[in-house]
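# Chain and residue survey
Each chain is listed here by its residues.
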Amino acid sequence: MTSFVTPKPRETFPSFLGRVAASRGVSVLEYTRDLGVQFRNILELPDVMREGLLKWANLSVPQMDEMLSWTGIRSGDIKITYRGETFGSRSLRSPTVRGCPVCLRQDMSVDGTAAELMALRGHWQFRDCVTCIEHGHLLVPLWSHDIVKVRLDSAAQFQQLAQRIQSQELDMPRIALAPYDHWLEARLMGQKDQNWIDEFSIDTVTTVSRLLGAKIIGHSLTDLKQDVGLLRTALVAGFSTLQAGPDGFRAALEQLAAGKASAAGELRSVYGDLYTRLGHDLGGQPSFDPFRDIMRAVIMGSWPFPEGEVILGTRFEKRYTHSVTTAAVQVNIRADKMAALLVEAGAIEADDPRPLGRQLFSAEKFAPFLEDVANLVGQSAMRQAIGATRKEFEILVREGLLRPRTQIKELRQPWLIRDGQEFVEKLYDIAVPGVDPADDAWARLVSITVSKRVTLSNLVGAALSGAIQIGLIEGEVGFHAIRALTASVDKWIAEVRLNTEEGQLMAASLSLAEFGRAVGIREMSDLTALISLGIISATEVVNPLSRKRQWRVKKDDIRDFRAKFTTVGMLAEETGQSPNVVGAAIRRAKIAPYSVQNVTFRNLWPRERLMELKY
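Criteria and thresholds
Residues numbered from 1 in each chain as written. Predicted model: local features only at pLDDT ≥ 70, side-chain atom pairs only at ≥ 80, totals over all residues. Heavy atoms only, no water. Helix = DSSP H or I, 4+ residues; strand = E, 2+ residues; numbered from the N terminus. Rg over C-alpha atoms; globule rule 2.2 N^0.38 Å. Buried < 20%, exposed > 50% of the residue type's maximum accessible area, 1.4 Å probe, protein only. Contact = heavy atoms within 4.5 Å. Areas by Shrake-Rupley, 256 points an atom, 1.4 Å probe, with all protein chains shown as cover. Lys, Arg positive; Asp, Glu negative; His and termini not counted. Charge placed at Lys NZ, Arg CZ, Asp CG, Glu CD. Pairing = 2+ DSSP bridges. Axes fitted to C-alpha atoms, helices over the stretch in contact; angles between N-to-C directions. pLDDT = per-residue confidence, 0-100. Salt bridge = Lys/Arg side-chain N within 4 Å of Asp/Glu carboxyl O. Polar contact = N/O pair within 3.5 Å; in protein donor to acceptor, adjacent residues only side chain to side chain. Parallel < 35°, antiparallel > 145°, perpendicular 65-115°, else oblique. Nonpolar A, V, L, I, M, F, W, Y, C, P; charged D, E, K, R; others polar. Patch = residues over 30% accessible without salt bridge, like charges linked within 9 Å, V, L, I, M, F, W, Y side chains within 5 Å.

Along the backbone of the chain there are 31 helices and 24 strands. In terms of overall size, the chain is more extended than a compact globule, its C-alpha atoms giving a radius of gyration of 48 Å where 615 residues would be expected to give roughly 25 Å. For the chain, the C-alpha atoms occupy an extent of roughly 155 × 65 × 40 Å along the three principal directions. Relative to its 615 residues, the chain shows a buried fraction of 47%. In the chain, of all internal contacts separated by at least 6 residues, the share reaching a separation of at least 24 is 63%. Element-wise, carbon and sulfur atoms account for 49% of the exposed surface of the chain, whose accessible area totals about 31200 Å². Taken as two groups, the 75 positive and 73 negative side-chain charges of the chain have centres that lie 6 Å from each other.

Below, the structure written as structure tokens:
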């Protein structure tokens, strides 16, 4: 042996102190008394002990500083400064001392006693360091004791344990190193990468990895404490998730939450100790805030908690998420009807297989929608609110002037009074008040639609554009009180016919019914057949007033038709004979009516065939 003991790489201060004492043939208790301190206080690292070791063990200041960095120096009541970072004291101070038996056996490769040669490494004391990266060996329990001075007397413990270590009794099968092992080794050596997890302290990352990993592999923290293999499996699983960044952590939480109903008091069953530790034991540590924030957001997005709920130490002043069930309760409607309404509104998917209590949507985004649903009324209440008769209401709905808020037939209350009131208010804003009920110059809108063959929607549009004058009958309220000045309606109709392409076409043509009457063909089926077979030319237009599609026959087409064909009525008009006389003459001449493509027109003949008809 040399006259001075040299610290081994990563050796802790108590371990080195014990080896120095053993090299001098005394116990560590006697040696510390000689230094003027009590051994049980050595982790307080009193100045007199540091100065004594610097002198008696021939240590340099850098050697002392390196050793202390691997030992950890108390920083407050429950914190320890270790490797340049702050750790919770429980992560470094445990009654159980662990180590790598292969490393300890290598310590004995030179002459000397176990008390002089075997050294405790500083990383072994870190709770979440579970693997010797040099040998791929799990760290195994060496001894355990609640009395500090007994636990820290490593020289005495190694002297008793040496035979078991040398005989490989404590050895375990070697394992393949994982990314977690390499990351922890690099961080303990002060190396960082430009990634999310390296924004946090070692203790923060390993704590979250352990808590999350325990839930992922389905074991409790108690299980992990009793089995180093399980602890490593949990750390590797949790760390692998955190390596994917915030999105990876969020996705893991969402996967754990998927399909599980929970109240605030039951979140521990979903997230295990990760939830309780982040919310309580670690609640005052800002380094865990980003993880809390992500978990809180996932929780509020995964369960329909009401306002006032406290999640991870934060009380929420508003609801973030609704389920179909909670929304149905809020608006007092059956859950199945609420689900149908939400599908229609795009809040949930129609094919979502989850129970209604787990089908969620944004409470804030759909708050106005739920408020409207709560105020939906039936047809009777809607008609009463807007002052419309049943017939008026039916026309307003049929022409799209009033639209129900839902097309769900099973819902008998699809109307929102506000919609109807806003519609009527627009008309009231432009109407002349105080119209005399006895004044025939004014007529109800629905009556005008019949007499003038215009749609109600066209009338309303004309009124809103100022094309016609509307007024309010004195003594009446609502839509039923609205009248239109008939003279303004007539003027508007004339302008529409004159100024629109459709109106101009209609003015220069006949409707199909008018054409039929003019030529003596009464059956509408015959007239439409003549069009489909190309016997007469017709143009389909949309009536600008009634908005109905109809066939129109131009005057030139009528003239062409008359030149080629004739009917009993046309011959009677042309010859001055009565229709009966003309019909009898045709029957005597046995001239068959016009037939084409197996279609026979009973009152139509080619004109040339009746030119010589005798009356």
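Structure's up, so let's keep going.
Here the focus is the sheet that holds strand E18 (residues 509–511). Taken in spatial order, the three strands make up an open sheet running E18-E20-E19, and their pairing is antiparallel. The open sheet has two free edges, formed respectively by E18 and strand E19 (539–542), since each of these has just one partner strand. With strand direction ignored, the average angle separating the axes of adjacent strands in the sheet is 45 degrees. For E18 and strand E20 (residues 549–554), the ladder comprises three bridges, and the chain directions are antiparallel. Residue Ser509 lies in a different strand from E20, and its bridge partner there is Lys554. Contacts between helix H29 (residues 555–564) and the sheet are confined to E18 and E20, with E20 contributing the most and set at about 65 degrees to the helix.

On to the confidence of the model for the chain. For the chain, per-residue confidence averages 89 on the pLDDT scale, and residues scoring 70 or more make up 95% of the total. Per-residue pLDDT, averaged within each element of the chain, yields its smallest value for helix H26 (residues 501–507) (68) and its largest for strand E5 (residues 131–132) (97).

On to helix H1 (residues 13–23), then. Think of an α-helix as 3.6 residues a turn; residues three or four steps apart then line up on the same face. Extensive coverage of H1 is indicated by the burial of nine of its 11 residues. Gly25 occupies a position one or two residues after H1 and carries a positive phi of about 75 degrees.

Attention now moves to the sheet that holds strand E2 (residues 79–82). With antiparallel pairing, three strands are arranged side by side in an open sheet as E1-E2-E3. The sheet is open, and its two borders are formed by strand E1 (73–74) and strand E3 (85–88), each paired with just one other strand. Both E2 and E3 contribute to a ladder of four bridges, which runs antiparallel. Bridging across to E3, Ile80 finds its partner in Phe87.

Inspection of the secondary structure puts Arg358 in the loop between helix H18 (335–345) and strand E11 (360–362). Despite its burial, Arg358 pairs with no opposite charge, the nearest such side chain being Asp352 at 9.0 Å. Polar contacts involving the side chain of Arg358 include one to the main-chain carbonyl oxygen of Ser302, which spans 2.3 Å.

The tally for this structure, following the rule as stated, stands at 30 salt bridges. In this structure, the salt-bridge partner of Arg418 is Glu422, at a minimum N-O distance of 3.9 Å. Highlighted residues: Arg418 and Glu422, both in helix H22 (residues 417–430), separated by four residues, approximately one helical turn. Look at Glu422 and you get partly exposed, because its relative accessible area is 38%.

Glancing now at the packing of helix H9 (residues 179–188) against helix H12 (residues 228–243). It is the contact of H9 with H12, at a shortest axis distance of 9 Å, that shows an interaxial angle of 80 degrees. As far as their axial angle goes, H12 and H9 are roughly perpendicular. Contact with H9, carried on its side by Pro179, Tyr180, Asp181 and Trp183, involves Arg232, Leu235, Val236, Phe239 and Gln243 of H12 and no other residues of that element. Looking at the contact of H9 with H12 residue by residue, the classes come out as six nonpolar, one polar and two charged.

This paragraph deals with a negative patch on the surface. A cluster of like negative charges, contributed by Asp436, Asp439, Asp440 and Glu474, occupies part of the molecular surface. For Asp436, the location among the structural elements is in the loop between strand E14 (432–435) and strand E15 (442–444). What makes Asp436 partly exposed here is its relative accessible area of 44%.

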